[in-house]
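Observations on the model geometry
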Amino acid sequence: EMDAVTGVQTCALPISSLADLSPGVLDELLESAQTVRRHPPAYSNACSGRIVAFIGYGKSFHLSMPAEVAVTALGGTIKLYDGGQVGERWMSAPEDLGRILSTTVHCISVVAPVDWVGRMVSTATVPLVSICSGHHSPMDALAMLYTIRRSRGTLRGQRLAVVGDGASVASGALLAGALAGMTVALAHPRGFAPDPDTTTMARDIAARNGGAVLITEEPAEAVDGADVVVIDPWSAKGGGRDPEQRRSHFERFQVNRALMANARPGAMILHQGPIATPHEIEEDLAVEHMAAHVDWAANRVHMSKALFLHAIGRKA
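Criteria and thresholds
Residues numbered from 1 in each chain as written. Predicted model: local features only at pLDDT ≥ 70, side-chain atom pairs only at ≥ 80, totals over all residues. Heavy atoms only, no water. Pairing = 2+ DSSP bridges. Helix = DSSP H or I, 4+ residues; strand = E, 2+ residues; numbered from the N terminus. Axes fitted to C-alpha atoms, helices over the stretch in contact; angles between N-to-C directions. Contact = heavy atoms within 4.5 Å. Salt bridge = Lys/Arg side-chain N within 4 Å of Asp/Glu carboxyl O. Buried < 20%, exposed > 50% of the residue type's maximum accessible area, 1.4 Å probe, protein only. Parallel < 35°, antiparallel > 145°, perpendicular 65-115°, else oblique. Left-handed = near helix turned anticlockwise from the far one by under 90°. Nonpolar A, V, L, I, M, F, W, Y, C, P; charged D, E, K, R; others polar. pLDDT = per-residue confidence, 0-100.

Overview of the sheet that holds strand 4 (residues 128-132)
Within the open sheet, the 4 strands sit side by side as 2-1-3-4. Their pairing is parallel. Of all the strands in the sheet, just strand 2 (77-82) and strand 4 have a single pairing partner and so form its edges. Geometrically, the sheet is characterised by an average inter-axis angle of 20 degrees between neighbouring strands, direction not taken into account. Strand contacts of helix 2 (residues 61-73): strand 1 (51-56), strand 2, strand 3 (107-111) and strand 4, with the helix running at about 160 degrees to strand 2, the strand carrying the most contacts. Taken strand by strand, helix 14 (residues 290-312) contacts strand 1, strand 3 and strand 4, and its axis lies near 145 degrees from that of strand 3.

Printed below as a string of structure tokens:
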């Protein structure tokens, strides 16, 4: 489909949530990420002449950096703006910001709360790529799926365990895993559950795609038979609690060899980074699985390329 204003190719994209994706588009994005990873020179001009405005709400280095590298590698130009640069008046009026940006750039990329993103989507007339919508990051979760598929060969039928805080990583894993037909089991301490709407949404998606969702407060139950264990970082977060008090809630949620004994032999461990040892994971396990952690980080760039290719370039 061609955008009437810019004349560039557009297609369905995750706007504010992974729930906006279909299994078909998910497969397309995963295949695109694999193709651009294998043949980067072939896509060095795929977004030539395209300008992307990246609007970041707060600090978002691990999200903005992959986007910047991806657009540049595709031959496009990306302009990074944080909320302070945009200004409070414009940030408080995402509808107007969407209208104005649509007249000057070919794509808008955002790290912002889901309701703010929705308001901008309502007026933007150019493709919008939501890198992170507050309670989860579509790009990060898609990169996680791509990392798992590269290692395991498949996604459907795999058991994905998430251990730690029921926050953005967990929410993304619930939605992405459900869409991919995986069984996703999340273990979190009492009081650190994911957003109830996200859980309901993930269960609905899983029911339609042959997956399943389990929420528990017992790490061993979540990890039982797991092919992949993902850590949702918790030690660096505040959450309105004293750090020592917060740590007391997560004492049973360290990923260690005793816990991993419940997983399948050869199960992979993924951590978003930076890795907090020994609180979140035993140091020797972190070192043993370091290649997987680094691969996930690298795949954020490849998945960002896939997203921008589907928004404003030619498909891989």
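Here the narrative resumes, following the displayed structure.
Here's the deal with the pattern of salt bridges
Side chains that differ in sign of charge can pair as their charged atoms come close. All chains considered together, the criterion is met by 12 salt bridges. Here R264 ties to D227 by a salt bridge, and the two come within 3.3 Å at their closest N and O atoms. Here D227 lies in the loop between helix 10 (219-223) and strand 8 (228-232) and R264 lies in the loop between helix 12 (257-260) and strand 9 (268-271), a separation of 37 residues in the sequence. In this structure, the salt-bridge partner of E288 is R257, at a minimum N-O distance of 2.7 Å. On the criterion of sequence distance, the pair formed by E288 in helix 13 (residues 283-288) and R257 in helix 12 is long-range, its members being 31 residues apart. For R257, a relative accessible area of 41% gives the class partly exposed. Residues joined in a network through salt bridges with shared partners are R37, R150 and D295.

Here we look at the packing of helix 2 against helix 14
Packing of helix 2 against helix 14 leaves a shortest axis separation of 8 Å and a crossing angle of 60 degrees. With respect to helix 14, the element helix 2 is oriented oblique. Helix-helix and strand crossings are classified by hand; for helix 2 and helix 14 the assignment is right-handed. In contact with H62, P66, A67, V69, A70, V71 and A73 of helix 2, helix 14 contributes R300, V301, S304, K305 and F308. A breakdown of the residues in the contact of helix 2 with helix 14 according to their chemical character gives 8 nonpolar, 2 polar and 2 charged.

Observations regarding the environment of T147
Its place among the elements puts T147 in helix 7 (residues 138-152). The residues touching T147, leaving out its near neighbours within four places in the chain, are M268, L270, A292, D295, W296 and N299.

Some details on the confidence of the model for the chain
Across the chain, the average pLDDT comes to 89, with 91% of residues at or above 70. Between residues 1-14, whose pLDDT stays under 50, and residues either more than four places distant or in other chains, the model counts 43 contacts.

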